[in-house]
Amino acid sequence: AELLRPHGLDLLPADIAIGNDERGMPTVTAPGLEALPVVPLVSLSHAGGRAAAVALLVARDADAGLGIDVEPMRTLPERFAAAALTPDEREHLGPLPPDAHEEWLLRCWCAKEAAAKATGAGFAHGTGIPAIVAVSPAGETIRVRVAGRELTARTCRDGDLVAATVLRADDGGSR
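Note that the structure is a prediction, hence the values are computed from the model and not measured. (Residues numbered from 1 in each chain as written. Predicted model: local features only at pLDDT ≥ 70, side-chain atom pairs only at ≥ 80, totals over all residues. Heavy atoms only, no water.)

Caption draft 1: Structural context of the pattern of salt bridges. For the coordinates displayed, the defined rule picks out 14 salt bridges. The shortest N-O distance in the salt bridge between D10 and R5 comes to 2.9 Å. In this structure R5 comes out as partly exposed when scored by relative accessible area, which is 34%. Across the pair E89 and K112 runs a salt bridge whose closest N-O atoms are separated by 3.0 Å. With E89 in helix α2 (residues 87-91) and K112 in helix α3 (residues 101-119), this pair connects stretches of sequence that are 23 residues apart. Under the relative-accessibility criterion, K112 is labelled buried at 6%. Among the ionic contacts, a cluster of salt bridges with common partners joins E103, R107, E140 and R157. (Salt bridge = Lys/Arg side-chain N within 4 Å of Asp/Glu carboxyl O. Buried < 20%, exposed > 50% of the residue type's maximum accessible area, 1.4 Å probe, protein only. Helix = DSSP H or I, 4+ residues; strand = E, 2+ residues; numbered from the N terminus.)

Here is the structure:
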């Protein structure tokens, strides 16, 4: 509701409905929204009893997407790394100190999930399968190739929660 107020829509949270399109991506409907030159993008995530959402407004004609993913820090099953990342992707974690591997493994998983959501590709076969191409611990970013694009996932850890967000913009880049 707060995002829409500067655009002349004074809505209550109950006036806004979040549903899903045919691909399962969140959609937003609200009275008066169709008349605005902007549309809200929304992404949702939940894991381990926690939930997160991110929203922003983009031009109605923009080709943009938004993704978020969260995971609680925990001791990961022994086979998680092999299931979550390919051998080439795991190579990006090699230079990290051993005590950082588990956190960055979760950051990579969240980055892949957020990038898949931002492109609408999910974890489909072919070009829709997200792939880690670079990890930058200093910048807390991870580059992900998905659906023919390279996107930057911004990652963070807050206490026992790891998160990643991706904004896919018109130019195929991300912010």
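Here the narrative resumes, following the displayed structure.
Caption draft 2: The arrangement of α3 in detail. Helix length check: α3, at 19 residues, gives a terminal C-alpha distance of 27 Å against a target of 27 Å (1.5 Å per residue), a fit within 8%. Taking burial as the measure, the 19 residues of α3 include 16 buried ones, the bulk of the element. Among the residues trailing α3, G120 stands out with phi positive, at a value near 80°. (Expected span 1.5 Å × (residues − 1).)

Caption draft 3: Representation of unusual backbone geometry within the structure. Despite not being glycine, E140 has its phi angle at roughly 55°, a positive value. For E140, the position within the fold is in the loop between β6 (131-136) and β7 (141-146). Positive phi, close to 50°, is recorded for A147, a residue that is not glycine. One can find A147 in the loop between β7 and β8 (149-158).

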